[in-house]
Each structure stands twice: as C-alpha cells, then as structure tokens.
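Here's the letter readout for the chains.
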Amino acid sequence: MNIRKKNFRHIVTHTLMVTAVAACLPALAQDKKDDPQLKIYRATATKVNDLVHTKLDVRFNYKKRHMYGKEWVTIRPHAYPTDSLRLDAQGMDIKTLSIVKNGKNVPLKYKYDSLTLAIKLDKEYKSTENYTVYIEYTAKPDELKVQGSAAITDAKGLYFINPDSAVKDKPVQIWTQGELQSSSAWFPTIDRPNQKTTDEISMTVPAKYVTLSNGRLASQKKNADGTRTDTWKMELPHSPYLFMMAVGNFKIYKDKWRDKEVSYYLEPKYAPYAKEIFGFTPEVMEFYSKILGVDYPWNKYAQIVVRDYVSGAMENTTATLHGSYVQGTARELADRYYDAGRSTIVHELFHQWFGDYVTAESWSNITVNESFADFSETLWAEHKYGQDAGDEHNNEALQNYLRSPENAKKDLVRFHYHDQQDVFDAVSYQKGGRVLNMLRHYLGSPAFFKGLNIYLKTNAFKNGEAQQLRLAMEEASGKDLNWFFNQWYYGAGHPLLDISYKWDEQSKTESVYIKQTQEGKAFRLPMAIDIYTGGKKERHQIWIDSKSDTISYQLAAKPALVNVDAEKIILSSKTDHKSLEELLFQYQNAPLYMDRLEAIEAAVAKPTDATAQKIMLAALNDKYYGLRLKALNSIDPANTVLSDAALPAILKLAKSDDNNLVKAAAINVVGSSKGAEQQIALYQEGLKSQSYAIAGASLNAMATVKPEEALTLAKSFEKDSAGDLTNALITVYAQRGADAEWPFVYANFNEAGGQAKFDMAKDFIYMTAHIPNPVYAQQGINAIKDMAIKYKPNGFAPQLIEVLNQLKQFRQKLNDNASAKVAEDAVKQVNDAK
C-alpha cells in the first residue's frame, strides 16, 4: 500500500494567521507508557483452520448500498483436529449457514456478534480433511460502525461511489479495500495475513459496466434482466486482504509484458492518456524480474483508478487499485516527474513480489511488505532516471522519517502497538526502505539481490518475517547479520552524528572526530571516508561502534576536504562541521547528489556569505534538475546581492530550461524580484505554455505587476486549468475577485483531493473571510469544517478549528452574524466528530 503524503501549509490571511503543524501521512500514534494496549504482545495469529478456496457469487443493490453474497469457503484444520470454525464477518445479515455434504446444504449451529461467526461443525475434522461451508449473507458497508486511521481513512471494505448519480459528472463506481482486515466486511473469511487461499468471484452487474478482480476473467454471461455476470478466477493462493472487486464505467487499455496481459482501467476522460500514465509498467516488470531473479509470478497485471479512494494505492494481487491522483491529461502529465504518481506505480508493482507472492505473516512484520515497496521506488529511480534521482528520492524518504521525533521510539519490527494501523507509518515505510538501502551497500548488490531471490523462492505463496530475510541474506553473503537485524529491525532510533575535524600542521595529521549524541546505545556503523589531497581522492573504509570515535590520517598536506559517510548511505541525522570553503570544494568535486545538496543547504543558511553565494550560483546550473529547483526555491528576492547576481542565470532558466518545474520556479523568482515589470514578455510567453506549472507561474507574475490584467487573464483560463494553473487562478481570485469568481474557487476546492486541497487552503480561507455574499462565506466555512473532520485523524483539527474561530471573528466584523454562527456551529461539529 502506498500512503499519500499530506503537508499542511501556512494558512495566512490579512487578519487570519494560523501556523499549522507540518505533518505527513500516516499520522503517528502517540505512544504512551501507560497505554495498556502497548503492553500486549502482538503475536502472529494462531492457525486453527486454513483457508483453501473461496468462491463468491455477489450482486449489488445500488439504492441501499448493499451487497448480496453467496459464499462457498473450503477449509481444512491446520494441525490438530477441530469441530469448530471462527470466521470474521463484519456487520452482515446472515441468511443461511450450512455445510456442504454430498451436494446438499446441511444447516450448522452458529453464534454471531456482528463481527465474528463462531460455527459448530457437523463433526471433528482432521488436518487431512477439507470441508466446505456455504453462507448466504448481505453486506451493509455503509451501516458498519468502523473507524479508519491516518493511513487508511476508512475501513468499511466495500465502497459505493455516487450510486444514485446525485453528483453530476461524477462516475458511479464500486470498489473494495481489504487491508488491514476489511475484506471481512464484504465476505466472511479468516481475515488474517497469514492465511492464503485461491478464489473465484462472480459479479452480477449492470451490463453497461466493466468489472475487475484478481486473476483471470474466466467467463461473461449476459442475463435477461439487463445485467451481466463476470466470473474471475484466482488460481494461485493469496491472502484475503488482497482480494478485490471494482465495477464501473472504465475504459480498458491492453498492454503486454512478455506473454502476459497488462491492462489499465481508466475513466473515459483519461483513457486517451493510458499509455502516458501507465505505459512504462512492462518496463518496470522486466527490471524487477531481472534483478530479483524471479519473473513476475502472476498470470496478469491490471491497474485501475477509482474515485474517493481512502488511501494512496493498494497492491491487490494482479489488480492494483489507485487513487485518482495518478491519472491526468497530457498537459497535467507534462509537469509530473518521478514522485508525482510514478513512484506509486512502481511501489505497488514491487508488492506483487513483496506482499503478495510472499506476505508478512503479521502486521508486526509489515516491514517485509512495505519497507521493500518503499525501497523499490529508489531502485527504479536509479535505474530509469540516474543516480541523482535515486539519491534524491532516498533522501526525501529519510527526511520524512526524521521529521517526527516520535519515529525514533519505534522498532521496525513492532510486537507492541496501540492499534495495528499504527504500524503503517514512516518507520515501516521510509525508515525500513533506508535500512534495506544500507544493507544493499554493506553486502554489495550481487549478494543482496541473491538474498532477495532466496527469500522469495523459499517462501513463495507463503508468509515471511524479518528473521527469514536475515537467514536468506546470510546464506547469500556468508556474513553473520544478527548485529544488523538486532540494531535496525529489532531496535529503535538512529544515530545522531556530530562530525568535526582538526589538522595538525606540525605532525601532518588530520583527525576526524565522530560523536554519537543520541541517548542510549551506540550504533555500529560501517562507512567510507574520502580524503581529497593534492588533486586526488583516497577512500578509507572504517567501522565506528562507540559514542565517540577518533580517526587519524597521516597526510602529505592539509586536505581540501574530508568527506565522512562518503557514500551518503548511513541512516542518521548529521551535524557536519565543514567550512563553507570546504563545502564549495565538495560541491565542485565530490560526485553525489547528496554532496551537492549538503553544500546548497549550508549556503542557504548563510545567504549573505560570499562563498555561500558562489555555491548558490553554481547550483543554478547543476546538472540535475532537482538541485536547480532547490536553488531557485531557496533564493530570497530580498537578498538583492544574490538575486541581482543570479538574475541572468535565472532568466536563462526561465526561458530555456528543459524541465517545466525549473522553468516555473525561475519565473516565480523573476516575478518576485526587483525589475519584475521589465519581464512582461517572458510572462506572456509563459501563459501560452502547455505546462500548467509554467502558465501558473506566469499568471502569478502577471498578478504582481498587472493585477487587473491578471484577473481578466484568469477568467480566460477557467475552462482548461489544472494543478498549478488552477492554484494561480484561485490566488488571483482570492486577492482581486469577488462574488462572481467564488463558484470557480468553491467548486475546485470541493473537487480537490488530498494534497491539492491543502495547496489551495491558504487562498480559500482568505476568500472565505472576505467574500461579500454571506451564502458564499457559509459555503466556505462548511467546506473547511468538512476538511477538519476528514483530516482529524491526521492531527489537523486543532489548526482548522482555530481557522474557524478566526473566521467567526472576521465575519462578525463584517456584520455577518449568520456566517459567524455557522462558524461557531462548525467548531462544535469538528469537536464532536470521532
């Protein structure tokens, strides 16, 4: 599963200012020492019975939002004889429950508490005997009282999207979400990750709709009542949480990897862009198959995009489900680089091996699913886009993990947690991915990938845990890895490194002092140190394993640079006491993305320093667009010494850089700088661009120098805007617009999902505060209230409550007491929401 990251920006209006917490999904549960849930050892579920085969026959009542199901579930005792069976079945009406004997259904006795079925079998069965239970039931997901989390915002399993077509131009869809234990909201099962079963699912749907499920489409039958029954068969075993169904008006684009079908299911609007969105999938399948030495293990691979999805994406076996953020038109896709959807696509594909082929035996060991999928994003970035792109992605993931101090308190393999959803966090994802990256570098790629091959083949179609991974890596490398796994998998935290240097001219000795300043134990760290002297680089491999280490080198002359952790691999937070002169040398001579980024970040911290300015000017011409972008976004136009010196380079980027995001950022800097009014021709040219980012930046610049003209221009873009251009329109309307512009702003804010809504929040709140029409003000207040309730699990409610309180005060100053009352009531509703 890929979890969409959401950052809440500073929300600022003339009289409203709220600084919100910078946060990322999933929100991190606050571990409390007195929480009794944390004292429970979360063991792998005991297997009394094993699923063998699951057959479902389902149809849907769109009006009631019910699913009518018939199930034949074949089971056998795991090890010991048993005369009982327990199935998870959430919020269902159970019509019939029988055992199938000689083709007949014989009723069984059972107890049902709305969550589980406790079934008394007709006899005691041995582990060599299969038995089949038949259940007729109704699933009522919208009546199910369940709570989602920051990672997966809902847990009702089965979703009816716009079933009554009440929302104009919004498609009617049905889709499922099984992880963690929500499949049992739409069919009774043993809903645990350490169960594996084959399956057959027959869906009866309106004939105009397309269906998708796991495995192959075995048959389609037209019915006399205008419906069609599609039967999908999954003939290799997989876990219940990986079952899926989707129904709706999707267009299917058929692709191919070797002799296997690859397909993309999209809304008709986006079907022409299927190849641009997903077309690199076969290339990724080939890459992963080769590096793992295990060919893609399933009979097909489909990807489907749905509306109102409750997370980022889900790796259902053979049929990944994506949220709508991955689809786009040609203009939208022109501004999307690796991290804007493509990383999600490769993440979910890697799960087909790590998560589906071999599945974590328990949520405590989710690292063997999610850490691998996170790590795969870096692997593909390196392979496809180069080492700089891989290193950038790796570093962004590291910073995501480091952002919250709470993460350092959690083991990667976590046998104690408050709720099982808590393990879907930056420890299991980003930290775990970085741990695997360190292991790859420590063992070397050949041994590392040999170890992955052993792990996959040994546990194929079964379950895995971190100890099995360790044994596979030890077999491949011949090295004892208990120290590594004890430190990184079964221990918490990371080293805080303080690195300093001293040159002794008399003895010609360079001393490097490495302190680990974190509380508690010292980490054992293998690392490289590069020493640059006399125009040459010499690498030294060292180990540090104490809280304070000193390494000394006899050299012919004072080195120009000592580069500790030269491979930039160690999962740590570093304070490196290099001078700006040394960092300038590092930028110019050390080879890696991180070498240059470290120099840029140090330069940003000292914007008036002459050496820092040299680094920034060099960074504007960096070979990698991500660092050019970093430099542009770090330039303060108020620092005229730097901005004046940099302006020729920035203008060149604005006019001719081959990256749309760099061009747009350069235009933003020009538009905010002294002399912005002299570059109107640049903005006018940018407004013609097919890139929404460039057009949006150009409109923002026009709004700075010719605000009334920008308002008129904004109107002309309403029919074809998305992304940064839509945000620019909303900014212009918030600052210069009135009632006439509100419908556009309101509609786009309501339709925005995830990050896009947060990006618009600043201007939306400002316009809500200032809009003349009280009806519109109340619409805005209610939209903010809904946002606060939706993202309350992520910790954003307090900040948005403060926004609502200040909106109340602002509307009162405008003598709009009706809107003030709506804001007051909204605060109560947010506080009462669970």
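Procedures and definitions
- Residues numbered from 1 in each chain as written.
- Predicted model: local features only at pLDDT ≥ 70, side-chain atom pairs only at ≥ 80, totals over all residues.
- Heavy atoms only, no water.
- Helix = DSSP H or I, 4+ residues; strand = E, 2+ residues; numbered from the N terminus.
- Buried < 20%, exposed > 50% of the residue type's maximum accessible area, 1.4 Å probe, protein only.
- Contact = heavy atoms within 4.5 Å.
- Areas by Shrake-Rupley, 256 points an atom, 1.4 Å probe, with all protein chains shown as cover.
- Lys, Arg positive; Asp, Glu negative; His and termini not counted.
- Charge placed at Lys NZ, Arg CZ, Asp CG, Glu CD.
- Pairing = 2+ DSSP bridges.
- Salt bridge = Lys/Arg side-chain N within 4 Å of Asp/Glu carboxyl O.
- Axes fitted to C-alpha atoms, helices over the stretch in contact; angles between N-to-C directions.
- Phe/Tyr/Trp six-rings, centres within 6.5 Å; stacked < 30°, edge-to-face > 60°.
- Lys NZ or Arg CZ within 6 Å of the ring centre and 35° of its normal.
- Core = buried A, V, L, I, M, F, W, Y, C linked by side-chain atoms within 4.5 Å.

1. A closer look at the overall build of the protein
Then step 1. Along the protein, the regular secondary structure elements total 25 helices and 31 strands.
Then step 2. Projected onto its principal axes, the C-alpha coordinates of the protein cover approximately 90 × 70 × 55 Å.
Then step 3. Counting only residues that meet the buried cut, the protein has 59% of its 834 residues in that class.
Then step 4. For the protein, the proportion of contacts with a sequence separation of at least 24, taken over those separated by at least 6, is 69%.
Then step 5. With the model as given, the accessible surface of the protein reaches about 33,900 Å², and the carbon-plus-sulfur share is 49%.
Then step 6. The average position of the 103 basic charges and that of the 100 acidic charges among the side chains of the protein differ by 4 Å.

2. Things to note about the pairing of strand β29 (residues 548-554)
A regular strand places its side chains so that they alternate between the two faces of the sheet.
Then step 1. Of the two faces of β29, the one holding Asp-549, Ile-551 and Tyr-553 is buried and the one holding Ser-548, Thr-550, Ser-552 and Gln-554 is not buried anywhere.
Then step 2. With seven bridges joining them, strand β26 (residues 509-516) and β29 adopt antiparallel strand pairing. When the sheet's bridge partners are listed, Lys-515 is paired in β29 with Ser-548.

3. Some remarks on the pattern of salt bridges
Oppositely charged side chains are able to pair whenever their charged atoms sit close together.
Then step 1. Applying the stated criterion to the full structure yields 48 salt bridges.
Then step 2. Here Asp-374 ties to Arg-434 by a salt bridge, and the two come within 2.8 Å at their closest N and O atoms. Taken together, the positions of Asp-374 in helix α5 (residues 367-385) and Arg-434 in helix α7 (residues 427-443) put the pair 60 residues apart, joining distant regions of the chain.
Then step 3. Taking the relative accessible area as the measure of exposure, Asp-374 reaches 4% and is therefore buried.

4. Quick look at the sheet that holds strand β17 (residues 245-248)
Then step 1. Spatial strand order, β11-β12-β17-β14: four strands in an open sheet with antiparallel pairing. The two strands at the open ends of the sheet, each matched to only one other strand, are β11 (158-161) and β14 (210-213). Taking the axes of each pair of neighbouring strands and ignoring which way they run, one obtains an average angle of 10 degrees across the sheet.
Then step 2. In this sheet, β17 lies alongside strand β12 (residues 173-176) in antiparallel orientation, the contact comprising three bridges. Of the residues in β17, the one forming a bridge with Gln-173 is Gly-248.

5. Observations regarding the side chain of Glu-361
Then step 1. For Glu-361, the position within the fold is in the loop between β23 (358-360) and α5.
Then step 2. It is Lys-47 that comes nearest to the buried, bridge-free Glu-361 among opposite-charge side chains, at 7.8 Å.

6. Considering the sheet that holds strand β28 (residues 536-544)
Then step 1. Overall, antiparallel pairing links the three strands, which are arranged β28-β27-β30 in an open sheet. Each edge of the sheet is formed by a strand with only one pairing partner; in this case those strands are β28 and β30 (561-564). For this sheet the average axis-to-axis angle between neighbouring strands, irrespective of direction, equals 20 degrees.
Then step 2. Examined bridge by bridge, strand β27 (residues 525-533) and β30 share four bridges and lie antiparallel to one another. Among the inter-strand pairings, Ile-531 is bridged to a residue of β30, identified as Val-562.

7. Examining the packing of aromatic side chains
Here a ring pair, both rings aromatic, is described through the centre-centre distance and the interplanar angle of the planes.
Then step 1. A complete count under the given rule lists 51 aromatic pairs for this structure.
Then step 2. Ring centres 5.8 Å apart and planes at 90 degrees place the aromatic pair Tyr-442 and Trp-543 in the edge-to-face group. Taken as a pair, Tyr-442 in helix α7 and Trp-543 in strand β28 lie far apart in primary sequence, 101 residues in all.
Then step 3. Among the residues examined, Trp-543 registers a relative accessible area of 38% and is labelled partly exposed.
Then step 4. Where Trp-742 meets Tyr-776, the ring centres are 6.1 Å apart and the plane angle is 20 degrees; that geometry is what we call stacked. A residue pair is termed long-range when its members are at least 10 positions apart, and Trp-742 in helix α21 (residues 742-751) and Tyr-776 in helix α23 (residues 774-790) qualify at 34 residues. The pair formed by Trp-742 and Tyr-776 is uniform in burial state, with each residue classed as buried.
Then step 5. Following the ring pairs from residue to residue traces out a cluster consisting of Trp-257, Phe-280, Phe-287, Tyr-288, Tyr-296, Tyr-301, Phe-350, Trp-353, Phe-354, Phe-372, Trp-380 and Tyr-455.
Then step 6. Its end group placed over the ring of Tyr-125, Lys-123 keeps NZ or CZ at 4.9 Å from the ring centre.
Then step 7. Its end group placed over the ring of Phe-523, Lys-521 keeps NZ or CZ at 5.2 Å from the ring centre.

8. A closer look at unusual backbone geometry
Leave glycine aside and you will find that most residues have negative phi; peptide bonds, for their part, are mostly trans.
Then step 1. A cis amide bond, omega 10 degrees, links Glu-179 with the succeeding residue Leu-180.
Then step 2. Its location among the elements puts Leu-180 in the loop between β12 and β13 (197-206).
Then step 3. In this structure, Phe-461 takes a positive phi of about 60 degrees despite not being glycine.
Then step 4. Along the polypeptide, Phe-461 turns up in the loop between α8 (445-458) and β24 (462-464).
Then step 5. In this model, Lys-508 sits at a positive phi of 55 degrees, which is unusual for a non-glycine residue.
Then step 6. Within the secondary structure, Lys-508 sits in the loop between β25 (496-504) and β26.

9. What about the nonpolar core?
Then step 1. Tyr-288, Phe-484 and Tyr-489 are the most contacted members of the largest nonpolar core, which totals 186 residues.
Then step 2. In contact with Tyr-489, not counting residues within four places along its chain, are Thr-367, Asp-411, Leu-412, Val-413, Val-435, Leu-436, Ala-466, Leu-469 and Phe-484.
Then step 3. Counting residues in hydrophobic clusters, the runner-up holds 67 residues, among them Met-1, Leu-51, Ile-366 and Val-423.

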